[in-house]
Amino acid sequence: MKEYILAPSLFSSRISRIEATLNVLKMTETKWLHVDVMDGCFVPDMASGPSIVKELKEIDDTLLDVHLMVERPEKIVPAFLDAGADSITYHAEATNNGMHIIQMIKERKKKAGVAINPATPVSLLEPILSEVDLVLVMTINPGRPNKDFIDSTVNKIVELNRLRKIHDYHFLIEVDGKIDNQTIKPCAKAGTDMFVSGGYIFSEENKEAEMITNLKTALAEV
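The text that follows walks through the structure, step by step, so that each part is easy to find. Predicted model only: the values in this text are computed from it and were never measured.

## Concerning unusual backbone geometry
Move 1: Positioned with a positive phi, Arg72 is a non-glycine residue whose angle comes to about 50°.
Move 2: Residue position: Arg72 is located in the loop between β4 (63-69) and α3 (77-83).
Move 3: Phi is positive for Lys109, which is not a glycine, with a value near 65°.
Move 4: Positionally, Lys109 belongs in the loop between α4 (98-107) and β6 (111-116).

In structure tokens:
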């Protein structure tokens, strides 16, 4: 059976419950935590910074999947590397310096990822697919909550999986946006390896472990 990766989104967890969240990750053997970074420009909301990543690394060994939803991400990548990020993903729409960002991250022996919004074609990524460790497909428009899962984004996963097989690329395919025990299934069938889920996992206090189990059960049915 394929080994999938779940990465609960810290953005959806209440700050006062970070310790409880980390305990749930350990209890459910969930190794990754997704950390959204927002600048209020590339997306409307604002969230997280290097200090949060640094503090998390100081108190726990959870792997941190940092997602930069910011303009000119090349300016802040070094700070997140210094803070201890295990994986850093930038948005293709946010910079013309993608290869430079990838090189900065890989020089530090960390995983380099690139993300695309729902309206961005996979073709924009083709020059760098051989260089990245993961590709994040946004299944909603980022930074805009309470929107529905965009079904057509599954076609991007299919295309990325096709290119990966044809060229023997080794990047993981990750999805983020309204991932629950139903939407996770078509994404997995299309070739996704890693799933970010926030609103679903943290929808009810003290039920995070149950929600993670539901996602794992749904994946087992694929």
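Moving on from the coordinates now.
## Re the pattern of salt bridges
Move 1: In total, this model carries 13 salt bridges according to the counting rule given.
Move 2: One salt bridge in this structure joins Asp60 and Lys26, with 3.4 Å as the shortest N-O distance. Remark: Lys26 occurs in helix α1 (residues 18-27) and Asp60 occurs in the loop between α2 (50-59) and β4; sequence separation between them is 34 residues.
Move 3: Relative accessible area serves as the criterion here: at 11%, Asp60 is assigned to the buried category.

## What about the pairing of strand β2 (residues 32-39)?
Move 1: A large share of β2 lies buried, amounting to 7 of its 8 residues.
Move 2: The pairing of β2 with β4 spans 7 bridges and is classified as parallel. Following the sheet pairing, Asp36 is matched in β4 by His67.

## A short note on the packing of α1 against helix α7 (residues 208-220)
Packed helices, taken two at a time, are described by their axes: the angle between them and the distance between them.
Move 1: Viewed as axis vectors pointing N to C, α1 and α7 meet at an angle of 40°, and their least axial separation amounts to 9 Å. On the basis of their axis angle, the class for α1 and α7 is oblique. The handedness of the crossing between α1 and α7 is right-handed. On the side of α1, the interface is formed by Val24, Leu25 and Met27, while α7 contributes Glu208, Ala209 and Ile212.
Move 2: Here the contact of α1 with α7 is built from residues that sort into 5 nonpolar, no polar and 1 charged.

The rules behind each value
Residues numbered from 1 in each chain as written. Predicted model: local features only at pLDDT ≥ 70, side-chain atom pairs only at ≥ 80, totals over all residues. Heavy atoms only, no water. Helix = DSSP H or I, 4+ residues; strand = E, 2+ residues; numbered from the N terminus. Salt bridge = Lys/Arg side-chain N within 4 Å of Asp/Glu carboxyl O. Buried < 20%, exposed > 50% of the residue type's maximum accessible area, 1.4 Å probe, protein only. Pairing = 2+ DSSP bridges. Axes fitted to C-alpha atoms, helices over the stretch in contact; angles between N-to-C directions. Parallel < 35°, antiparallel > 145°, perpendicular 65-115°, else oblique. Left-handed = near helix turned anticlockwise from the far one by under 90°. Contact = heavy atoms within 4.5 Å. Nonpolar A, V, L, I, M, F, W, Y, C, P; charged D, E, K, R; others polar.

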